[in-house]
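Chain and residue survey
The chain contents come next:
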Amino acid sequence: MSSTAAPPPTSPPPARHASRRSFQRTLDSAKRTMVLSEIVKLAIDSFRASKVRFALTALGMVIGSASLILVVTIGLTGKKFILDELHGIGTNMVMLEYEGGGSGAINEYRNDFLTHDDEDAVDEQVPAVSLSSPMLEMHDRVTFPGGVAKDVLVLGVNPQYRPVRNLIVLSGRFFDDVDETTHTKVAVVTEAFARELFGSPDAAINQTFQLTGIPFTIIGTFKESVDTFGQSEIADETILIPYTVGRYFTGTDQVKQIFFSIRDAGDVEEASREIKAVVHSRHLASSVYQTTTLTSLLSTADAIANALTVVLLLVSAVTLAVGGVGIMNIMLATVRSRIREIGIRKALGATAREIKLQFLIEAVFISLSGGIVGSVIGLALPISVRVFTDYPLPIDPWSVIIALVTSTAIGVIFGTLPANRAARMDPVESLKYE
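Remember, predicted model here, so these are calculated numbers, not experimental data. (Residues numbered from 1 in each chain as written. Predicted model: local features only at pLDDT ≥ 70, side-chain atom pairs only at ≥ 80, totals over all residues. Heavy atoms only, no water.)

Overview of a nonpolar patch on the surface
- Together, Val52, Leu56, Leu59 and Ile63 make up an exposed nonpolar region whose accessible area comes to about 410 Å².
- Among the structural elements, Ile63 can be located in helix 2 (residues 51–90).
- The class for Ile63 is partly exposed, based on a relative accessible area of 47%. (Patch = residues over 30% accessible without salt bridge, like charges linked within 9 Å, V, L, I, M, F, W, Y side chains within 5 Å. Areas by Shrake-Rupley, 256 points an atom, 1.4 Å probe, with all protein chains shown as cover. Salt bridge = Lys/Arg side-chain N within 4 Å of Asp/Glu carboxyl O. Helix = DSSP H or I, 4+ residues; strand = E, 2+ residues; numbered from the N terminus. Buried < 20%, exposed > 50% of the residue type's maximum accessible area, 1.4 Å probe, protein only.)

Topic: helix 11 (residues 339–347)
- Every buried residue belonging to helix 11 is among Ile339, Ile342, Gly343, Arg345 and Lys346, and all of these are buried. Seen end-on, helix 11 carries its buried residues on one side only, within an arc spanning 165 degrees.
- Directly beyond the C-terminal end of helix 11, a positive phi value near 115 degrees is found at Gly349. (Arc of directions from axis to C-beta.)

Quick word on the packing of aromatic side chains
- Scanning the model with the defined rule gives 8 aromatic pairs in all.
- Chaining the aromatic ring pairs together yields one cluster made of Phe144, Phe193, Phe209, Phe216 and Phe249. (Phe/Tyr/Trp six-rings, centres within 6.5 Å; stacked < 30°, edge-to-face > 60°.)

Focus: the pattern of salt bridges
- In total, this model carries 10 salt bridges according to the counting rule given.
- Asp176 is the salt-bridge partner of Arg173, the closest N and O atoms lying 3.8 Å from each other.
- On the accessibility criterion, Asp176 (32% relative accessible area) is partly exposed.
- The shortest N-O distance in the salt bridge between Glu270 and Arg273 comes to 2.9 Å.

Description of the side chain of Ser399
- Relative to the assigned elements, Ser399 resides in helix 13 (residues 397–423).
- Within the structure, the side chain of Ser399 is placed 2.6 Å from the backbone oxygen of Asp396, a separation counted as a polar contact.
- If we ignore the near neighbours within four places in the chain, the residues touching Ser399 are Leu68, Ile69 and Val72. (Polar contact = N/O pair within 3.5 Å; in protein donor to acceptor, adjacent residues only side chain to side chain. Contact = heavy atoms within 4.5 Å.)

Looking at the nonpolar core
- In this structure, Phe193, Phe209, Ile239 and Ile275 are the most contacted members of the largest nonpolar core, which totals 39 residues.
- Counting residues in each nonpolar core, the second largest holds 25 residues, with Val335, Ile339, Leu360 and Met425 among its members. (Core = buried A, V, L, I, M, F, W, Y, C linked by side-chain atoms within 4.5 Å.)

Notes on unusual backbone geometry
- Even without being glycine, Asn166 reaches a positive phi, approximately 55 degrees.
- Assignment of secondary structure puts Asn166 in the loop between helix 4 (161–165) and strand 5 (167–172).
- Exposure remark for Asn166: the relative accessible area of 30% places this residue in the partly exposed category.
- The backbone phi angle of Thr212 is positive, close to 50 degrees, even though this residue is not glycine.
- Looking at where Thr212 falls in the secondary structure, it is placed in the loop between strand 7 (208–211) and strand 8 (214–224).

Following this line, the structure appears as structure tokens:
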């Protein structure tokens, strides 16, 4: 008796398997979407049931986010103020001076000072230089009202000294090329000198005083665009006279300093090196000349301002961390007060992941809501200042982004512990909890 082998079982075609897998993925996706939406609705219902607790919990994040934005604004304002002050001194300026060195012979040592010809050579050989002025320095005694004689500083400069040094003419005018060429005995004095000698800057105009017995006529008064508190070559009582006139008092072409203005601020350092090279080529190899610019000072001031802002941001981060601890404590109390609810949800089929996600979302909602409100408050102050005053407080959009991202991160970090505690609860013990 022969037996017939049973045919092998047929499997569904591959196309049907792919269709089933696709359909299952769609169902799983829809289920996850539905579960997440339900969790969000539960979190919102929880907030509606306890609005006061929600608001008080979010208050720490409101204060932290607002302080973070205000700290960045204050830091940027301070940085802008410092850089504006330095720009007022003259960021395109290069100051050249002789620092020492000379012939090197012990019995025939002589200084190798700068001269007016050095200025002319630099003007010809360094294309980046737009303006320049020599400066010679003298001291004289002037008799003030009451018979008091004081030492005053006298600087011999040319008309380009005013734009190079960003000087502000308060009254009258600055001497010009005609005064320089004709060796006119005119002077421009500081506000303090004019006020002490003649009562006011306006009253000093066209008044005369004597330097080494020679009468000079005051044609203008000036001040520095930024108060350097005596840390520049200009003192409180300083007299500016044309360089060609001052040269007759010194009897030499030697100058104390030469000031240059560079066309482009980005070329200051390169032009400074070129200026020093030109001057070295005209003097003894042992002579030392130094150029001073504000470029390094600007970089230092910028770095210091950024460092201070970072420090203040870390202080604000402490405030946010304190707010996060408050959120964690409230969420722990919330978990404790909703133990029976957690047990019922688990008994009805809710997974530990869903329970964890519910409380984590609640924590993030609290922190993010506080971050949004705090950001609005933090932006309100600088915007109000910009609207109602003429001072444009700087506003950094990144500070708002950082505040919101930090608020979300605080919610996740400090909400994880309460969420994990809720997810690990035993449903049987939770239902028996009184």
